[in-house]
Amino acid sequence: MGDTDDGSSNAAHSAPGETTEPPQPDPAENGFFRRIMSALSPSDTGDAADPATTPAQAVAAMPGLLNLRRMTVEDVMIPKAEIVAVATTITRDDLVEVFRDSGMTRLPVYEETLDTPLGMVHLKDFALQYGFNGAASEQIDLKKMLRPLLFVPPSMPIGVLLTKMQTERRHMALVIDEYGGVDGLATIEDLIEQVVGEIEDEHDLEEDNYFTRESPGCYSAQAKTPLDEFETEIGLSLTDAEDIDEEEIDTLGGLVFMLSGRVPVRGEVVQHPNGTEFEVTDADPRRIKRLRVRLPDHSAASDG
């Protein structure tokens, strides 16, 4: 049998036991995100959990490579109401406060309203040009420091956006609705967390320090705080209410999710039947991250 002009056909008709040299990878395709995308061959779906037999909430909560294809930007974006952004008219001191209070290094910049975005300002650019000390200039020119933003539709698969962010070297994207208005915001960290799980940074509490006491009867806690440890700390049971099944929850975040029946938004306060208040201080559309817990008056008094 003669050779064909197609090299791949030769490989297909190799004799049993005969090996062929694998093609050498192109160095240009060795980027981290490109290797992630190439790992998602159609055969990978055979090892994934079957959506028909796995609860939808459990599937959505599982990080993994398949999320790059099955999830869209709309699934992970921060809603418009929760976007921290600044106007071009902001003063130097006010911008410093926004950076400090939000803990963010990149902020979208808009003109008049968020539906007219111009770009983003990076903390590094601002600090290098104006600094945080010395003579303060009440008015700054943000337009001179603007970096470009990506604008993407909510239906875009997050794997496509991740590749686009890598290619264009931009870490933030505004999600634009069908009418041209801003619908939400997604960062490269939001996308990567859907593959590897939550990414802790220097602003997060230490792993061993799930909660800290801010004042008598008031605690700042991570959502993953073990429920039994927190109950021991406060001397109060949080699972003895009629509608709470203690067998199904292990963490404070799980308790708050069960109480509200959904993922509450940042700033929302969820009330426990015994009077305890859970204020959501950090969350994204898929999970609660951090809480402020205020105990009932009698518990706060005994704790003090």
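Residues numbered from 1 in each chain as written. Predicted model: local features only at pLDDT ≥ 70, side-chain atom pairs only at ≥ 80, totals over all residues. Heavy atoms only, no water.

## Some points on the pairing of strand β11 (residues 277-284)
At step 1: Sheet analysis places strand β10 (residues 269-271) next to β11, joined by three bridges and oriented antiparallel. Bridging across to β11, V270 finds its partner in F278.
At step 2: Following β10, the chain reverses through five residues before pairing antiparallel with β11; G275 in that reversal takes a positive phi of roughly 105 degrees.
At step 3: Looking at chain direction, β11 and strand β12 (residues 287-294) are connected through seven bridges and run antiparallel. The residue bridging E279 from the neighbouring strand is R292, located in β12. (Pairing = 2+ DSSP bridges. Helix = DSSP H or I, 4+ residues; strand = E, 2+ residues; numbered from the N terminus.)

## Quick notes on the environment of P108
At step 1: Mapping P108 onto the fold places it in strand β3 (residues 106-111).
At step 2: Residues P108 and M120, twelve residues apart in the sequence, show an inter-C-alpha distance of 4.1 Å.
At step 3: Setting aside anything within four residues of it in sequence, one finds P108 in contact with I83, V84, A85, V86, G119, M120, L149, M172 and L185. (Contact = heavy atoms within 4.5 Å.)

## Section: the sheet that holds strand β4 (residues 113-122)
At step 1: An order of β2-β3-β4 is seen for the three strands of this open sheet, with the pairing classed as mixed. The open sheet terminates on both sides in strands that have one partner only, identified here as β2 (86-87) and β4.

## Some thoughts on the nonpolar core
At step 1: In this structure, F230, L238, L252 and F278 are the most contacted members of the largest nonpolar core, which totals 22 residues.
At step 2: When contributions to this core are tallied by element, the ones reaching two or more residues are β9 (218-222), α10 (227-234), α11 (252-260), β11 and β12.
At step 3: Not counting residues up to four positions away in its chain, the partners in contact with L252 are A221, Q222, A223, T225, L227, F230, L238, F278, L291 and V293. (Core = buried A, V, L, I, M, F, W, Y, C linked by side-chain atoms within 4.5 Å. Buried < 20%, exposed > 50% of the residue type's maximum accessible area, 1.4 Å probe, protein only.)

## Here's the deal with the sheet that holds strand β7 (residues 182-187)
Hydrogen bonds along the backbone pair up the strands of a sheet, which may run parallel or antiparallel.
At step 1: Strand order in the open sheet formed by four strands is β1-β7-β6-β5, with mixed pairing between adjacent strands. Edge positions in the sheet fall to β1 (78-79) and β5 (150-152), since each of these pairs with one other strand and no more.
At step 2: As paired elements, strand β6 (residues 172-176) and β7 share five bridges and run antiparallel to each other. Following the sheet pairing, A173 is matched in β7 by A186.
At step 3: Sheet strands touched by helix α8 (residues 158-168): β5, β6 and β7. Its angle to β5, the strand with the most contacts, is close to 160 degrees.
At step 4: Its contacts with the sheet put helix α9 (residues 188-196) on β1 and β7, and the angle it makes with β7 is roughly 65 degrees. (Axes fitted to C-alpha atoms, helices over the stretch in contact; angles between N-to-C directions.)

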